Amino acid sequence: MPLEAPIYCDLKGYKPVRVIRRRLLPRRPGRDASLEQTCVFYTDVVTTGTEVGKEYVDSREGKRSTTPTCYEDEHENVPSLLVLTPILKSGEALPYYHPAVKRLAVRYVHNVQGLSGDESEMTTPACGMLIIEAVLLRSGPTPPDPPDPNSRLYRTCLALLDTVHRYGWGALTHYRKRVHHDILVPREAYQDLYLVLRERYKHLVSQWKEATDPAKHVFEDVGIATFLMLLWKTTYESDNSDVKFGVDRKGTVDTNVMPWRNWPRPLGGFLDLGCGNGLLVHILVSEGYTGHGIDVRARQSWSHYPEATRKALHVHSLDPTCYIRQDSFRTDPEGLTTDSKFSDDTKNDGGTDFFKPGVFLIGNHADELTPWVPVLATLCDASGYLSIPCCAWGFDERFTRSSTSTSSMLSFSHESSLQNSSTSGVEGEDTDDKSVFIETLNLGAEGGHTSQYSVYRIWLARLSQWMGWKVECEVLRIPSTRNWGVIGRERLRMGGDEDGELYKERAKEIVGEVVRRGVFKTRKPEGKAGDH
């Protein structure tokens, strides 16, 4: 936005250097309106160049003070004042979440005299004071002087000062964020779509049929569905043109505007492994996506969903070892299967093929199936997968921090004709390469990443790479402490192996090792499996 626009104040001693226009989104769009706001940054013109060290009179207290001697010419455009101005049309009122003010200003005063008795602490630009000032609405009541500490405006201003101080101190001390959000899906697109979907499914909180926390599960699955819909849109088509969602400037959500109905999606639909209450499947199916959810037990919620969702939910016990067992029975010269016991293990009793070519696999807290997600994705030629791990499981037993060193299967170091220095892609890494790889996983600022959960996530990421997937990670914006997800949507290719047969052989070796160990047991379906 050009600075010539009449949106900033003419403040003596300051000049504007940057203008941002933003939209504030309410947490409850059905109740509060959104609000556009201008954010104007100013720099203090008296604290630069030849003005350094000049004595001046503080107009507020009549005291003489000196401009900071540590403020140099190169800091000429460093902002020291921020003015926030809500944009309202004639007759519009401020939403409840915004203070009843015409303008808010946050000012940083450098090297305030008398701030500290220790002069050694007054040698950097960080030594100063934050001040917040407000221009009240003309129609509002006259506030008491001094302000009432219990008033809403006072508490809001104090909270804003605390936030500015926290971010400023973090920048000064080179604070490093624990995790980074919005790596694969832009935050703005996510927030816009999430607001619409939340309005469409918030009624399920009051209609929840399970014994679990309704608000957590409903809004968590709304968040995951939002992420998947936008991820698929950018993955399966290069057209990323902006789409207007049904949220007007007053914050009213039009849930009838559904541009995602025409968005690109996985060719083979989606498959939710261990779908639990089935809500994620319900949301995706209701929004026009094709797919299925399988679990060993039907939940109470399933029978209360619409017919389209009920048809997509199946009680099914998945046996990943069926791949190697099927191959072991195809031994006669004509390629005929001599034992049909496992030939339809990837289908239900009704003949539904869950693993269609191009299917997208979802493992949301899939527990025992979590490590199988990238393996199955490789074996069935999936178009991609999203895995959000929770409980740590190996292929046929609980995963522990020592598992990768005590189990050859979990360390990907068992003797194999596939393993050599040119093709391993994992075991051939040196320590520096491993450190670089771990840094790309967005695990958080734990330090050595030695906790059970961190070691498990690193192992899952290395497994994904071993299975031939480019590893991408995202910390999802969902109400869960287990919100880290690993995504595979792009296949790795090696010279002479354009069809990915090398990775399929690796996957089959893992399955074969599980069969040879004889520990893995497929969970049996519970209840009347044929009813769903």
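Please read these numbers as outputs of a predicted model, since none were measured by experiment.

**As for the packing of aromatic side chains**
Considering all chains together, one arrives at 12 aromatic pairs under this definition. Ring geometry for tryptophan 232 versus phenylalanine 270: centroids 6.3 Å apart, planes at 20°, classification stacked. Here tryptophan 232, found in helix H3 (residues 214-235), pairs with phenylalanine 270, found in strand S8 (residues 270-273); they are 38 residues apart in sequence, far enough to count as distant. An identical accessibility class is assigned to tryptophan 232 and phenylalanine 270; each is buried. Measuring from ring centre to ring centre gives 5.4 Å for tryptophan 232 and phenylalanine 360, while their planes differ by 75°; the resulting arrangement is edge-to-face. With a gap of 128 residues between them, tryptophan 232 in helix H3 and phenylalanine 360 in strand S11 (residues 360-364) connect regions that are remote in the sequence. Owing to a relative accessible area of 1%, tryptophan 232 belongs among the buried residues under this scheme.

**What about the packing of H3 against helix H4 (residues 279-286)?**
One can describe the packing of H3 onto H4 by two numbers: an axis separation of 9 Å at closest approach and a directional angle of 45°. In terms of orientation, H3 lies oblique with respect to H4. Along this stretch, H3 crosses H4, giving a crossing that reads as right-handed. In this structure, H3 contributes His217, Val218, Asp221, Val222, Ile224, Ala225, Leu228, Met229 and Trp232 to the contact, and H4 contributes Leu279, Leu280, Ile283 and Leu284. The residue makeup of the contact of H3 with H4, split by class, is 11 nonpolar, 1 polar and 1 charged.

**Description of the confidence of the model for the chain**
Caution is warranted with low-pLDDT regions, since their predicted coordinates should not be read in detail. The predicted model of the chain has a mean per-residue pLDDT of 79, with 71% of residues at 70 or higher. Counting interchain partners and residues more than four positions distant, the pLDDT-below-50 stretch residues 47-74 has 47 contacts. Long-range and interchain partners of residues 327-343, a stretch whose pLDDT sits below 50, account for 13 contacts in this model, where long-range means more than four residues apart.

**Concerning the sheet that holds strand S2 (residues 35-44)**
An order of S1-S2-S5-S6-S7 is seen for the 5 strands of this open sheet, with the pairing classed as antiparallel. For this open sheet the edge positions go to strand S1 (14-24) and strand S7 (128-136), each flanked by a neighbour on one side alone. Strand after strand, the sheet turns through a mean of 15° between neighbouring axes, direction not considered. Sheet topology note: the S1/S2 ladder contains 10 bridges and is antiparallel. Along S2, the bridge assignment pairs tyrosine 14 with aspartate 44. In the packing of helix H1 (residues 152-172) onto the sheet, the strands contacted are strand S6 (101-110) and S7, and the crossing angle to S7 comes to about 140°.

About the criteria used
- Residues numbered from 1 in each chain as written.
- Predicted model: local features only at pLDDT ≥ 70, side-chain atom pairs only at ≥ 80, totals over all residues.
- Heavy atoms only, no water.
- Phe/Tyr/Trp six-rings, centres within 6.5 Å; stacked < 30°, edge-to-face > 60°.
- Helix = DSSP H or I, 4+ residues; strand = E, 2+ residues; numbered from the N terminus.
- Buried < 20%, exposed > 50% of the residue type's maximum accessible area, 1.4 Å probe, protein only.
- Axes fitted to C-alpha atoms, helices over the stretch in contact; angles between N-to-C directions.
- Parallel < 35°, antiparallel > 145°, perpendicular 65-115°, else oblique.
- Left-handed = near helix turned anticlockwise from the far one by under 90°.
- Contact = heavy atoms within 4.5 Å.
- Nonpolar A, V, L, I, M, F, W, Y, C, P; charged D, E, K, R; others polar.
- pLDDT = per-residue confidence, 0-100.
- Pairing = 2+ DSSP bridges.

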